[in-house]
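The residues making up each chain are set out below.
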Amino acid sequence: MEATDTIVALATPPGRGALAVVRVSGPGTRAILQALIPGWEGRAEERRPVLARLIDPRDESLLDRALVTFFPGPNSYTGEDLAEISTHGGTLVPALVADAIEGSGARAARPGEFTQRAYLNGKLDLVQAEGVRDLVEARSEALHRVALHQVEGGLSRRLSDIREALVGLEALLVHHLDFPEEDDPPVPLERVIGEGRALLGTLDALLATAPEGELLREGALVVLAGRPNAGKSSLFNALLGQERAIVNEQPGTTRDAVEAQVSLGGYPFRLVDTAGIRGDAGETERLGIEVARRYLRAADVVLLCVSTEWGWGAIEEHFLSELREDAAVVALRTKCDRDGGRGATLPEGEAQGADPRIRKVLSVSALGGTGLGEVGAALRELVFAGSVEPSGSVPVLTRRRQTRGVEVARREVAAFVDALRSGVPAEMAATHLRPAETALEDLLGVISPDEVLDRLFSEFCIGK
Ligand code: GDP
């Protein structure tokens, strides 16, 4: 599978900056360094940065003075000969260097191609590669920790352990089957069933991390709802800590939904400010209202904003009627700096007949900045309630691909246990174990169709 061509890419984002890193990987790396750096052979030190003048071999022009680090394969990120060239930043210098490298026999890398080569050379498995992508894209500390744990092999180890346990289960079954005539075979059926059940427990614990794990990547959807002028946009901005949405005095002017990503207390949220849902609306506004309804139904948490000016009424009840049965609502007394800080009276507590979907009632003032921390804490509590360890030391499923694979394994192991318990001959029950192992092997990419690989790596950024 060894690559024969050499690839080059800018590994840092283009644009103004102090430094840029150009990466080269493949069998031609040494020759390229020799072509670009006069006297390179004598000065090259493996895995150590060397300050060098880079020239364009086509016309001998000086390109930059740069730090060049050469990593001979297999001790490199890709497992091939690889060089990282730290040039001066900006748009031109790194582009000229990359161009000179292309002129010396390399070709431009496709997105994710460096990581794909690392995978093909056995430097990391598919789950780790996915962790690399999440790490690069992480916008919250929580995903950062989980992704790093994944890159370090945490989830991969858990999956291989489960796979090994499956192989062990097969071996146990063989022992059980080897002594069919004896009343008391060395491995009683009960033990096989017991181990199968224990494995189910491990798979269930892993699957339990998926809902929160997947939200860690996407960000939990938090929708601000309430009448026009209830203070939604102001709260939206206050939570973002920056002026992103337009705050307007006129009711019904936020026509569409405004969405922003924000990390609250280290956890990722997608904050959406919607148009107020009202009866008498013009065409444009109705479109906005439709958008708002869709968001409301999809929301992980709804922040229902109720201003002191009107208090709780029919419109608020109407908002509740738009929500899913299992929706979580935080009712907010907004503008609590007014009215002597009393704020609106909101229905609270199921005992008092309040809607059970109202999980919390809080007071906030976007203007004074009070209560914002409590809103963040309530959101974290409601969405990230515990299956994602804050320390990031427990494996977490963060992608549908991972969850689906573990679900297949779980289904097959459950079928195996059920079959044994209902008296199906052990040889037949055992046919469920192999597909469970295959599901985990596919996840790790022990054997993976090219198509899956290409799709997975094409989502990476270039230079990674
Ligand atoms: P929206 O229509 O629900 O998005 O409401 P806005 O955020 O546009 O706010 C409506 C009005 O209430 C504006 O005049 C804001 O300045 C005012 N307002 C918003 N939040 C507060 C607050 O915390 N305290 C006070 N005193 N006024 C606020």
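A brief report on the enclosed structure follows. (Residues numbered from 1 in each chain as written. Predicted model: local features only at pLDDT ≥ 70, side-chain atom pairs only at ≥ 80, totals over all residues. Heavy atoms only, no water.)

Here the focus is the overall build of the protein chain. When helices and strands are counted, the protein chain shows 17 helices and 12 strands. Contacts in the protein chain between residues at least 24 apart in sequence constitute 67% of all its contacts with a sequence separation of at least 6. Roughly 21900 Å² of accessible area belongs to the protein chain as shown, and the carbon and sulfur atoms make up 50% of that amount. (Helix = DSSP H or I, 4+ residues; strand = E, 2+ residues; numbered from the N terminus. Contact = heavy atoms within 4.5 Å. Areas by Shrake-Rupley, 256 points an atom, 1.4 Å probe, with all protein chains shown as cover.)

Turning our attention to the site of the ligand. Not every one of the 17 residues close to the ligand is listed here, only the nearest: Asn 229, Lys 232, Ser 233, Ser 234 and Asp 337. Asp 337 places a side-chain nitrogen or oxygen 2.7 Å from a nitrogen atom of the ligand. The protein chains hide 87% of the 580 Å² of surface that the ligand would expose on its own. Of the residues that constitute the shell around the ligand, the class distribution is 5 nonpolar, 6 polar and 6 charged. (Near = heavy atom within 4 Å. Polar contact = N/O pair within 3.5 Å; in protein donor to acceptor, adjacent residues only side chain to side chain. Nonpolar A, V, L, I, M, F, W, Y, C, P; charged D, E, K, R; others polar.)

Attention now moves to the sheet that holds strand β2 (residues 19-25). A sheet is described by the order of its strands in space; here 6 strands give the open sequence β3-β4-β5-β2-β1-β6, paired in mixed fashion. Edge positions in the sheet fall to β3 (50-56) and β6 (107-108), since each of these pairs with one other strand and no more. Inspection of the sheet shows strand β1 (residues 7-10) paired to β6 by 2 bridges, in the parallel sense. When the bridges of β6 are listed, Ile 7 appears paired with Arg 107. (Pairing = 2+ DSSP bridges.)

When you line up the elements, Ala 20 lands in strand β2. Between the C-alpha atoms of Ala 20 and Gly 89, which are 69 residues apart in sequence, the distance is 4.6 Å. With sequence-adjacent residues up to four places away left out, Ala 20 is seen in contact with Leu 10, Thr 12, Ile 85, Ser 86, Thr 87, His 88, Gly 89 and Pro 94.

Inspection of the secondary structure assignment puts Gly 266 in the loop between β8 (258-264) and β9 (267-273). Since its relative accessible area comes to 9%, Gly 266 is described here as buried. When the C-alpha positions of Gly 266 and Arg 139 are compared, they lie 8.8 Å apart, and in sequence the two are 127 residues distant. The contact partners of Gly 266, leaving out residues within four places of it in the chain, are Ser 140, Glu 141 and Ala 142. (Buried < 20%, exposed > 50% of the residue type's maximum accessible area, 1.4 Å probe, protein only.)

Another point: the pattern of salt bridges. This structure, assessed with the given rule, holds 31 salt bridges. In this structure, the salt-bridge partner of Glu 214 is Arg 400, at a minimum N-O distance of 3.6 Å. Residue Glu 214 is located in helix α9 (residues 210-218), and its partner Arg 400 is located in helix α14 (residues 400-421); the two are separated by 186 residues in the primary sequence. The exposure class assigned to Arg 400 is partly exposed, which follows from its relative accessible area of 40%. Each of Asp 5, Glu 80, Arg 107, Arg 110, Glu 113 and Arg 117 takes part in a single network of salt bridges with overlapping partners. (Salt bridge = Lys/Arg side-chain N within 4 Å of Asp/Glu carboxyl O.)

Here Thr 398 lies in the loop between α13 (372-383) and α14. Within the structure, Thr 398 has its side chain in polar contact with the side chain of Asp 134 (distance 3.4 Å). For Thr 398, the residues in contact, after removing those within four places along its chain, are Asp 134, Val 146, Gln 150, Gly 213, Glu 214 and Arg 217.

Strands sit in the order β8-β9-β7-β10-β11-β12 across an open sheet of 6 strands; the sheet is mixed. Two strands in the sheet have a free side with no partner beyond their single neighbour: β8 and β12 (358-363). Neighbouring strand axes in the sheet, compared pairwise and without regard to direction, differ in orientation by 25 degrees on average. The pairing of strand β11 (residues 328-334) with β12 spans 5 bridges and is classified as parallel. Considered in β12, the bridge of Leu 332 is made with Leu 362. Each of β7 (220-225), β8 and β9 is contacted by α9, which is oriented at about 65 degrees to β9, the strand it contacts most. Along the sheet, α13 contacts β7, β8, β9, β10 (301-307), β11 and β12; its crossing angle with β12, the most-contacted strand, is approximately 170 degrees. (Axes fitted to C-alpha atoms, helices over the stretch in contact; angles between N-to-C directions.)

Structurally, the α-helix is built with 3.6 residues per turn, so residues lying three or four positions apart point the same way. Between its first and last C-alpha, α13 extends 17 Å over 12 residues, near the 16 Å set by a 1.5 Å rise per residue. For α13, the set of buried residues is Leu 372, Val 375, Gly 376, Ala 378, Leu 379 and Val 383. All buried residues of α13 lie within an arc of 160 degrees about the axis, which places them on one face of the element. (Expected span 1.5 Å × (residues − 1). Arc of directions from axis to C-beta.)

Below, the discussion takes up the packing of aromatic side chains. Enumeration according to the criterion identifies 2 aromatic pairs in this entry. When the ring of Phe 269 is compared with that of Phe 384, the centres are 5.8 Å apart and the planes differ by 75 degrees; the resulting orientation is edge-to-face. Linking Phe 269 in strand β9 with Phe 384 in the loop between α13 and α14, this pair joins segments that are 115 residues apart in sequence. Phe 384 shares its class with Phe 269; the two are buried. Taken together, the aromatic side chains of Tyr 267, Phe 269 and Phe 384 make up a single cluster linked through ring pairs. (Phe/Tyr/Trp six-rings, centres within 6.5 Å; stacked < 30°, edge-to-face > 60°.)

This next bit is on the pairing of β9. Taking burial as the measure, the 7 residues of β9 include 6 buried ones, the bulk of the element. Of the pairings in the sheet, the one linking β7 to β9 comprises 5 bridges and is parallel in character. Looking at the pairing, Ala 220 lines up with Phe 269 of β9. Of the strand pairs in this sheet, β8 and β9 are connected by 7 bridges, and their pairing is antiparallel. Looking at the pairing, Val 262 lines up with Phe 269 of β9.

This part is about the packing of helix α5 (residues 126-137) against helix α6 (residues 141-151). α6 packs onto α5 with a crossing angle of 150 degrees between their chain directions and a minimal axis gap of 7 Å. Classified by the angle between their axes, α5 and α6 sit roughly antiparallel to one another. In this structure, α5 crosses over α6, and the sense of that crossing is left-handed. Between α5 and α6, the contacting residues are Val 127, Gln 128, Glu 130, Gly 131, Val 132, Asp 134 and Leu 135 on the first element and Leu 143, His 144, Ala 147, Leu 148, Gln 150 and Val 151 on the second. (Parallel < 35°, antiparallel > 145°, perpendicular 65-115°, else oblique. Left-handed = near helix turned anticlockwise from the far one by under 90°.)

Treat this as a map of the structure, not an account of what it does.
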